[in-house]
Amino acid sequence: MSRKIQDDNLDFLFKAVLSLENMDECYDFFEDLCTVQELKAISQRIVVAKMLSEKCVYTDIVNATGASTATISRVNRSLQYGCDGYDKIFERIREQEKNEQL
């Protein structure tokens, strides 16, 4: 994320997210924080990013997620020119899943 938008409000939000301890707490917190539509939009973006990182084509992503091509393009720009936030998270999830299989 660009440091241009960093402020005390975002810092507080991120501290709150980092304090969550499990999936149930995440559901409770985000249900209180966001509307259903906001949560669907956010979750759609991360699924789009995952599919793009797996080299899926736009038509497959549209069919699987219902995302617009504009959303897919925006997420793709973040993957290509962003701060590598998606990549960090995907790698950590892969490692976590790998460890759970052991």
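Use the structure listed above.
From a predicted model like this one, the values you see are computed outputs, not experimental measurements.

To continue, consider the state of the cysteines. A disulfide bridge is the covalent bond that connects two cysteines by way of their sulfur atoms. Using the criterion set out here, one finds 0 disulfides in the structure. Cysteine 34 takes part in no disulfide bond, and the closest cysteine sulfur, belonging to cysteine 26, lies 12 Å away.

On to the environment of isoleucine 89. Topologically, isoleucine 89 is positioned in helix 6 (residues 85-101). Taking C-alpha positions, isoleucine 89 is 22 Å from tyrosine 58, a pair spaced 31 residues apart along the chain.

What describes a pair of aromatic rings is the distance from one ring centre to the other and the angle between the planes of the rings. According to the stated counting rule, one finds 2 aromatic pairs in the structure shown. Both rings, one in phenylalanine 29 and one in phenylalanine 30, keep their centres 5.2 Å apart while their planes meet at 80°; by these two values the pair is edge-to-face. You can call phenylalanine 29 partly exposed: its relative accessible area is 22%.

Among the nonpolar cores identified, the biggest contains 10 residues, and these are Val48, Ala49, Met51, Leu52, Ile61, Ala67, Ile72, Val75, Leu79 and Phe90. Sorting the residues of this core by element identifies helix 3 (36-53) and helix 5 (69-81) as the ones contributing at least two each. Once residues within four sequence positions are removed from consideration, methionine 51 is found in contact with Cys56, Asp60, Ile61, Ala64 and Thr65.

What counts as what
Residues numbered from 1 in each chain as written. Predicted model: local features only at pLDDT ≥ 70, side-chain atom pairs only at ≥ 80, totals over all residues. Heavy atoms only, no water. Disulfide = S-S within 2.5 Å. Helix = DSSP H or I, 4+ residues; strand = E, 2+ residues; numbered from the N terminus. Phe/Tyr/Trp six-rings, centres within 6.5 Å; stacked < 30°, edge-to-face > 60°. Buried < 20%, exposed > 50% of the residue type's maximum accessible area, 1.4 Å probe, protein only. Core = buried A, V, L, I, M, F, W, Y, C linked by side-chain atoms within 4.5 Å. Contact = heavy atoms within 4.5 Å.

None of this, on its own, says anything about what the molecule does.
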